[in-house]
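Breakdown of the fold
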Amino acid sequence: IALTSLGLLRDQASEQALSKVRAAAHASRYEIRRVGEDTVTAARLLASRATLARLVEEGNVLQLQLVLRRFCETAGLDACALFRDTGLVTAAGTAIPWDRAFDAASEQGEGFMIASRQRGPVGALVEIPGLAGGRVMTIRKLDDRLAAELSKQVGVEIHLLPVTDWLEFVEPAYRDMHSEALATGDIAVAPIPAREQFAASLPLFASTGEAIVLIEARLPAEQVAGAVSSFVRRLVLVTILLAAVALLASLLLARRIGAPLQA
């Protein structure tokens, strides 16, 4: 009974671990979509500032750059840019391929995602009221900083991997799992014995149907083993006690039956 219970418990613990990484991957995808919505909100807020239109009309590029940099830092964005028609007036933060961002925005609307080896980014392109041809763009990268934030929120180690040339970025032990996720377009979960982990892979898609990143969730097997080990110790103790009681009862019963026979 003890051995059977131990096997069933380990199976149940493995199922719970797989369920946990599955839930963490789905929660991370939801958070990334929320980040995209926040990027659109930030772009609308930036575009609504009357100061931008005035500085553009004055041709004050230095002040525009300072305003954009301060806004980016306050909003937690990676890049902000201001355009007049299709020409870049000024930008602050990380440089990105602006032409690809424009193409993505024209296909996907205000909020967009870019499929690239640089894992995104996600962004928003919003028109500036009262400024003909004026538009602002806000960008948030799907980088290690965001992965760390997601890991803290969901309680599981999260990695964001580019879909473009994904084989170059994925460890061999996880390739079968990611291949299944990309083949089905849905989440794939699996134990990874080589790394003593449980893992999940979930692709994130843009509105155009392009896969942007692979969300990888990892849970060390030792976290699962810790809960099982506590139960195993108690189970072993109970088993030893029951075996000792059974042996003592058998000896007493044998002596009670054997004594009259010996007499």
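It should be emphasised that the depicted structure is a prediction, and the values quoted were computed from it without experimental measurement.

**A word on a nonpolar patch on the surface**
Together, Leu 253, Ile 257 and Leu 261 make up an exposed nonpolar region whose accessible area comes to about 350 Å². Locating Ile 257 in the fold gives a position in helix α7 (residues 221–262).

**A few points about the environment of Thr 90**
Its location among the elements puts Thr 90 in strand β2 (residues 87–93). The class of Thr 90 is buried, set by a relative accessible area of 6%. C-alpha separation for the pair Thr 90 and Val 136, spaced 46 residues apart in sequence, amounts to 10.0 Å.

**Re the sheet that holds strand β1 (residues 79–84)**
Pairing is antiparallel in the open sheet, where five strands are placed in the order β2-β1-β5-β4-β3. Sheet topology places β2 and β3 (111–113) at the edges, where each strand pairs with a single neighbour. Between one strand and the next, the sheet's axes are offset by a mean angle of 20°, whatever the strand orientation. Pairing between β3 and strand β4 (residues 122–127): three bridges, direction antiparallel. When the sheet's bridge partners are listed, Gly 111 is paired in β4 with Ala 124. Contacting β1 and β2, helix α3 (residues 61–75) crosses the sheet at an angle of about 45° to β2.

**Describing the nonpolar core**
In terms of nonpolar packing, the biggest core is built from 30 residues, with Ile 32, Leu 142, Leu 146, Leu 160, Ile 212, Ile 215 and Ala 217 touching the most fellow members. Elements with a minimum of two residues in this core: α1 (2–47), α5 (144–154), β6 (157–162), β8 (197–205) and β9 (211–220). In terms of residue count, the dominant contributor to this core is α1 (eight residues). Filtering out sequence-adjacent residues up to four positions away, Leu 146 remains in contact with Ile 32, Val 35, Arg 140, Lys 141 and Leu 160. Counting 23 residues, the second largest nonpolar core, distinct from the first, contains Ala 53, Cys 72, Ala 92 and Ala 124.

Parameters and conventions
Residues numbered from 1 in each chain as written. Predicted model: local features only at pLDDT ≥ 70, side-chain atom pairs only at ≥ 80, totals over all residues. Heavy atoms only, no water. Patch = residues over 30% accessible without salt bridge, like charges linked within 9 Å, V, L, I, M, F, W, Y side chains within 5 Å. Areas by Shrake-Rupley, 256 points an atom, 1.4 Å probe, with all protein chains shown as cover. Salt bridge = Lys/Arg side-chain N within 4 Å of Asp/Glu carboxyl O. Helix = DSSP H or I, 4+ residues; strand = E, 2+ residues; numbered from the N terminus. Buried < 20%, exposed > 50% of the residue type's maximum accessible area, 1.4 Å probe, protein only. Pairing = 2+ DSSP bridges. Axes fitted to C-alpha atoms, helices over the stretch in contact; angles between N-to-C directions. Contact = heavy atoms within 4.5 Å. Core = buried A, V, L, I, M, F, W, Y, C linked by side-chain atoms within 4.5 Å.

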